[in-house]
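For reference, the chains in residue letters:
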Amino acid sequence: MMESEGLKVRRAVREAINILSASKGDEVRVIEALANMKQYVSGAGPASLRDKEEFARAHFTSFLRCLVSQANPDHLELLTVEQQKELWDYFFLEGPPDQAFLVLLDSICSTGLSFHLTKMVHLLEVFLQQGGLSALMWEVSQKHASTVSHLQEAILNKIVCLPDHLANRLQGGTPSLFYPQNYFPLLAAEIIQVLQKVSEDLRGGKDCSIAFVAQVLGKTCIQGHREEILGVLVPRLMALTASDCIWQRICWRLMEAVPERWIEAVITGLVQTTPGASVLCRLLGNLIVKNKKVQFVVTQKLLLLQYGHKTEMLQCIMGYLALDGSRRPFLMKALKELLQTWSNSSAVRHSPVEQQLYISKAIMIALGHLRKEDLETQRQELLESMMAGVQCHLDSSAPQVRRLGMIVAESISALINTEGPCLKFEYEDDEQSQELRSLLEPSASEPAPSSPPNDRKEWALSDAVKSPTATEKRPELSDSDLDSDDELPAYDMSHDTPLTKAKAPVYIRDCIEVLVSGEDVEKFEATLDILGTLIRKNPAATKEVSVELTKVLLHLEDKGSLVHFVHKRHGALVAVTLMDPIPVSQYLTAQFYAMNYSLRQRMDILDVLASAAQELSHPKTPMTSSAPVPLYPAIEVLSSTGTSHPSGSPHQDWRRIVDERIQSKTRRFAKGASHAAPSTTPNRFGPVAGYFFFPLIQHFDRPLVTFDLLGEDSLVLGRLVHTLGILMYFALHTAVAPLMGKALLEFVWSLRFHADTFVRQGLLFCVSSTLLSVPKERLLGDMTDELLEAQYWLADVAEKDTDADCRQLALQSLLLLENLKHGLKAGNPE
């Protein structure tokens, strides 16, 4: 009986296909054939349920292929628009969605540009708009719940890659629905519809599978569309799981069913999109406890191997790990691994500053989630990590890295030493520092409660008592309120005269005596205040004792804790160097490599030489009534605490100088001059530049007992490299500039692979200074080999260096080098 019924359906389908495939269509027969086949889809008419199942199982795909075949493209024209909808489109929109979807898409991909192709694209568009994707995913989930078939794989690929297939075939004529920014949000909405059916079945006591939906989600995310799909999916699931435990179970099962090879993309996108830790808990559950891949992604890859994510994502991760007892061990594990990286000297030296900031933020957020019992059990490990980490951060030459180490170390110290003294550093309190410290508060990772506490009025009242407003007047006390025994008669001080300040010496030699003795602090301060001006007014007297005075100032100590002592001493040293540059520079450069000097004194020498070179090269301009505008930014002098005054860092200012000179060397076309050209004056630094430069560059590779530039004293090496670049910069238009440039390029080449970021930045700055200060004819004529080597190195740095500033400086130098070559060719045409 079953064979006879199957034979009947087979004969009916064969007859309909023959009619539809005829070369000359008959309108009446076409309509009858389509109506006859429609009963096997709708179930209406004489066709039984078994006939319908047989038709859908064995004959529907072949019938659809006949409908979309181009063997007779005229049979569509035999039908009216209404007949096409009722008798043609019906099979694709109401039949089994998996077969209809595959046939439509295959037909589109194999059809050339024609009316037939336009009809198929429109039909696919209607299929999607009427919920075809949700019906398709539900159908596949029910048919292939237990196994992964080839048909399921094909449908999965077609669903996820649909925009690509359509774009390849239709090119610029692709309907907007198939654009990725429109298609994947639609796919997300259809996934919600499938999950809604799953929810209804679960509430009705039925079992169902969401494995195929999880595969669609995973494959979409791995192919780079997680923002589009999760941007719609996550807000909807947030609302559905807010108070429904069944929806929470559905979300957990959905994430568990994502294949292992795609789970990383889904978890990463979910963490980035979810607005808070509590929401992530509802969507993800305890998947991190069950899945090793999720553990690796959440606790290592997102925290240690990547650093481009936002702070909110770090707060979401740490809050998720801290909100459940079964997940808290992963919080402690993540914190330990973060601290190991933070306290690793090699990681501090070779990691970009951005990554170190990212790790510091993660540590601060994790510390904010620690409980009292966690601190008790992990106190010793935290102490050891803090001691090792703060040491390697303070050894760094980058001010930002040192500040990060100080902030994290202070926070750890405050947590583990609640009753004893804590670490306290002095650093610039900028927005970044304030943000880092604020991450310690758990409230920073979760939204604050909307309702205020009950005792808000009491708090407001106590605050008002403690801090009266300025407009409130205190009640005047009457005479009876005062105890006469406590009153003291006022002392008449109307005839007192202020104490006279110590008189400063008039002669330079007297100043030296006062500075050497240092017994009278007030006279010592007065002498230091006037010394710079006195030196500039008496150049002849200064030259007689220039080296002696330099020696005294270089070894001078702040005995009275004077205000701006470092800068006053620096100004006096610069003045002495200006008055007698050759012997003073010879003395200073010799002392830079001498024994028994502190690192602070050696950096003072570099600051003095750079400032003196700046002023010597500065053209003298006549005084005007308005305030003078400096042509160059002043050298930043670092105080004894390692911070500049008032703020900033030297190499950043000099990098800005290089940018300004690059702009000045760029040709522009404009109407008229933008400003008057300054009058030219000789560069006074030119005759003495060699005395400043060459002694500094000669002995950098000779280690001393207490001073090793190529070893642990990389901070001083970085300052030396920047100073050499500054001296090269101010040697512009001098006869010695080509010799300095050649020596500086050789110096750069010997240190090009230095591990310290600050040193590499200085080397790149030196290259830019050389390219800007040495005449291009001498550069391309006398230094061809050096420039060729530098070009290869710069290209390598621009592509591979871990520091963003180094990459930018390398690109800048490469651009300068190309401009010089083009400029020389334009000036010397063949």
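What counts and what doesn't
Residue positions within a chain follow its written sequence, with the count starting from 1. With the structure being a predicted model, the display of local features is reserved for residues of pLDDT at least 70 and the display and counting of side-chain atom pairs for 80 or more, all residues being used for whole-chain, interface and lining totals. Only hydrogens and water are set aside; all other atoms, that is, all heavy atoms of the structure, feed into the side-chain values. The numbering of helices and of strands both runs from the N terminus, where a helix is a DSSP run of H or I of at least 4 residues and a strand a run of E of at least 2. Note on classification: 1.4 Å probe, protein chains only; a residue is buried when its accessible area is under 20% of the maximum for its type, exposed when over 50%, partly exposed between these limits. Should any heavy atoms of two residues lie within 4.5 Å, those residues are counted as being in contact. Under the convention used here, a 1.4 Å probe and the Shrake-Rupley method define accessible areas, while residue burial counts only the protein chains that appear. Only centres within 6.5 Å qualify two rings of Phe, Tyr or Trp (six-membered ring in Trp) as a pair; their planes then separate them into stacked at under 30 degrees, edge-to-face at over 60, and tilted for everything else. The rule for a charge over a ring is simple: NZ of Lys or CZ of Arg within 6 Å of the ring centre, and within 35 degrees of the ring normal. What qualifies as a polar contact is a pair of N or O atoms within 3.5 Å, subject to a donor-acceptor requirement within protein and to the restriction that residues adjacent in sequence count only when both atoms come from side chains. Residues grouped as a nonpolar core are buried Ala, Val, Leu, Ile, Met, Phe, Trp, Tyr and Cys residues, joined through side-chain atoms within 4.5 Å. What a helix should span is 1.5 Å times the count of its residues minus one. Fitting a line to C-alpha atoms yields each axis, with helices limited to the stretch in contact; the angle taken between N-to-C directions then spans 0 to 180 degrees. Note that the term roughly parallel is reserved for angles under 35 degrees, roughly antiparallel for angles over 145, roughly perpendicular for angles of 65 to 115, and oblique for everything else. Following the grouping adopted for this structure description, the nonpolar residues are Ala, Val, Leu, Ile, Met, Phe, Trp, Tyr, Cys and Pro, the charged ones are Asp, Glu, Lys and Arg, and the polar ones are all others, Gly among them. For any helix crossing, the convention is left-handed if the near helix is rotated counterclockwise from the far helix by under a right angle, and right-handed if that rotation is clockwise. Whenever a carboxyl oxygen of Asp or Glu lies within 4 Å of a side-chain nitrogen of Lys or Arg, that contact is scored as a salt bridge. What the bend at a residue measures is the angle between two axes, fitted to the seven residues ending there and to the seven starting there. Confidence scores labelled pLDDT are given residue by residue by the predictor and lie between 0 and 100.

Enquirer: What is the right way to read the overall build of the protein chain from this model?
Expert: Each helix and strand in the protein chain was counted, giving 40 helices and two strands. Burial statistics for the protein chain: of 830 residues in total, 49% are counted as buried. Counted over contacts in the protein chain with a minimum sequence separation of 6, partners at least 24 positions apart contribute 74%. Here the protein chain has roughly 42,900 Å² of accessible surface; of this, 54% comes from carbon and sulfur atoms.

Enquirer: Looking at this structure, how should I read unusual backbone geometry?
Expert: For residues besides glycine, phi is generally negative; the peptide bonds are generally trans as well. If you check the backbone angles, H564 has positive phi at about 55° while not being a glycine. In this structure, H564 sits in the loop between α29 (546-554) and α30 (565-579). Accessibility expressed as a relative area gives 43% for H564, which makes it partly exposed. One non-glycine residue, N596, adopts positive backbone phi at about 65°. One can find N596 in the loop between α31 (581-592) and α32 (599-617). Given the relative accessible area of 71%, N596 is considered exposed.

Enquirer: Before we go on, may I ask you to explain the packing of aromatic side chains in this structure?
Expert: The geometry of an aromatic ring pair is captured by two quantities: the separation of the ring centres and the angle between the planes. Throughout the structure, instances matching the rule amount to eight aromatic pairs. Ring centres of F592 and Y593 lie 4.9 Å apart, and the angle between their planes is 90°; on these two criteria the pair is classed as edge-to-face. Judged by relative accessible area, Y593 falls into the buried class, the value being 12%. Ring plane angle 80° and centroid distance 5.3 Å describe the contact between F685 and F692, whose orientation is recorded as edge-to-face. We classify F685 as buried; its relative accessible area is 0%. The buried category is assigned to F692, whose relative accessible area is 0%. Stacked on the ring of W262, the Lys or Arg R261 has its end atom at 4.1 Å from the ring centre.

Enquirer: Which parts of the structure should I look at to understand the side chain of H393?
Expert: Within the secondary structure, H393 is located in helix α22 (residues 372-394). Exposure remark for H393: the relative accessible area of 2% places this residue in the buried category. Among the polar contacts listed, one links the side chain of H393 to the backbone oxygen of G389, at a separation of 2.8 Å. Discounting residues that sit within four places of it in the chain, H393 has contacts with W342, V348, Q356, V401, R402 and G405.

Enquirer: Any chance you could explain the nonpolar core here in plain terms?
Expert: Among soluble globular proteins, nonpolar side chains are generally buried collectively. F92, F101, L124, I159 and L187 are the most contacted members of the largest nonpolar core, which totals 143 residues. When residues of this core are assigned to their parent elements, the largest contribution, 12 residues, is made by helix α12 (residues 211-241). Not counting residues up to four positions away in its chain, the partners in contact with I159 are F101, L133, L136, M137, Y183, L187, F212 and V216. By size, the runner-up hydrophobic cluster in this structure holds 94 residues, among which are I508, A612, V716 and V736.

Enquirer: I would appreciate a short explanation of α32 in the present structure.
Expert: Because an α-helix completes one turn every 3.6 residues, residues spaced three or four positions apart along the sequence face the same direction. Look at α32: 27 Å from first C-alpha to last across 19 residues, which is about the 27 Å you get at 1.5 Å a residue. Among the 19 residues of α32, 16 are classified as buried, and the element is accordingly described as predominantly covered.

Enquirer: Explain the packing of helix α18 (residues 311-322) against helix α19 (residues 328-342) here, please?
Expert: Each pair of packed helices gets described by two things: the angle between the helix axes and the distance between those axes. Running from amino to carboxyl end, α18 crosses α19 at an angle of 135°, the nearest separation of the two axes being 6 Å. In this view, α18 runs oblique relative to α19, as classed from their interaxial angle. Taken together, the residues of α19 that come into contact with α18 (itself represented by M318, L321 and A322) are R328, F330, L331 and L338. Its residues assigned to classes, the contact of α18 with α19 comprises six nonpolar, no polar and one charged.

Enquirer: Is there a simple way to explain the environment of P682 in this structure?
Expert: Along the polypeptide, P682 turns up in the loop between α33 (650-664) and α34 (689-698). Along the backbone, P682 and T734 are 52 residues apart, and their C-alpha atoms lie at a distance of 9.1 Å.

Enquirer: Sorry if this is basic, but what is going on with the packing of α19 against α22 here?
Expert: Closest axis-to-axis distance for the α19/α22 pair is 8 Å, and the angle between their directions is 20°. Classified by the interaxial angle, the pair formed by α19 and α22 is roughly parallel. The chirality of how α19 crosses α22 is left-handed. Residue-level contacts link R328, M332, L335, K336, L339 and W342 of α19 to D374, Q378, E381, L382, S385, M386, G389, V390, C392 and H393 of α22.

Enquirer: Before we go on, may I ask you to explain the pattern of salt bridges in this structure?
Expert: It is possible for side chains bearing opposite charge to pair when their charged atoms get close. By the definition in use, this model includes 21 salt bridges. Between R203 and D244 there is a salt bridge, with the nearest N and O atoms lying 2.5 Å from each other. Linking R203 in helix α11 (residues 180-203) with D244 in the loop between α12 and α13 (245-257), this pair joins segments that are 41 residues apart in sequence. Here D604 and R600 are joined by a salt bridge, their closest N and O atoms 3.0 Å apart. Of this pair, D604 and R600 are both found in helix α32, four residues apart, which corresponds to roughly one turn of the helix.

Enquirer: Would you explain the environment of V30 in this entry?
Expert: Tracing the backbone shows V30 in helix α2 (residues 27-42). In this structure V30 comes out as buried when scored by relative accessible area, which is 1%. The spatial distance from the C-alpha of V30 to the C-alpha of L87 is 9.7 Å, given a sequence separation of 57 residues.

Enquirer: How should α12 be read in this particular structure?
Expert: Along its 31 residues, α12 runs just 20 Å from first to last C-alpha, ending more than 12% under the 45 Å computed at 1.5 Å per residue. The axis of α12 is deflected most strongly, by about 130°, at H225.

Enquirer: Help me understand the environment of F330, please; the structure alone is not making it clear to me.
Expert: By the element assignment, F330 lies in helix α19. Between the C-alpha atoms of F330 and I288, which are 42 residues apart in sequence, the distance is 8.7 Å. Once residues lying within four places of it in the same chain are set aside, the contact partners of F330 are I288, V289, Q295, T299 and L321.

Enquirer: For this particular structure, what's the right way to read the side chain of K361?
Expert: Mapped onto the secondary structure, K361 falls in helix α21 (residues 353-368). A distance of 3.1 Å separates a polar atom in the side chain of K361 from a polar atom in the side chain of T311. Those residues within four positions of K361 in sequence are excluded, and the remaining contacts are T311, L314, E435, L436 and L439.

Enquirer: Is there a simple way to explain the confidence of the model for the protein chain in this structure?
Expert: Atom-level detail of predicted coordinates should not be read off regions where pLDDT is low. On average, residues of the protein chain score 81 in pLDDT, and 80% of them reach the 70 mark or higher. The spread of mean pLDDT over the elements of the protein chain runs between helix α25 (residues 456-466), the lowest at 34, and helix α14 (residues 263-273), the highest at 95. Under a pLDDT of 50 for its full length, residues 667-677 has, in the predicted model, one contact with residues more than four places off or in other chains.

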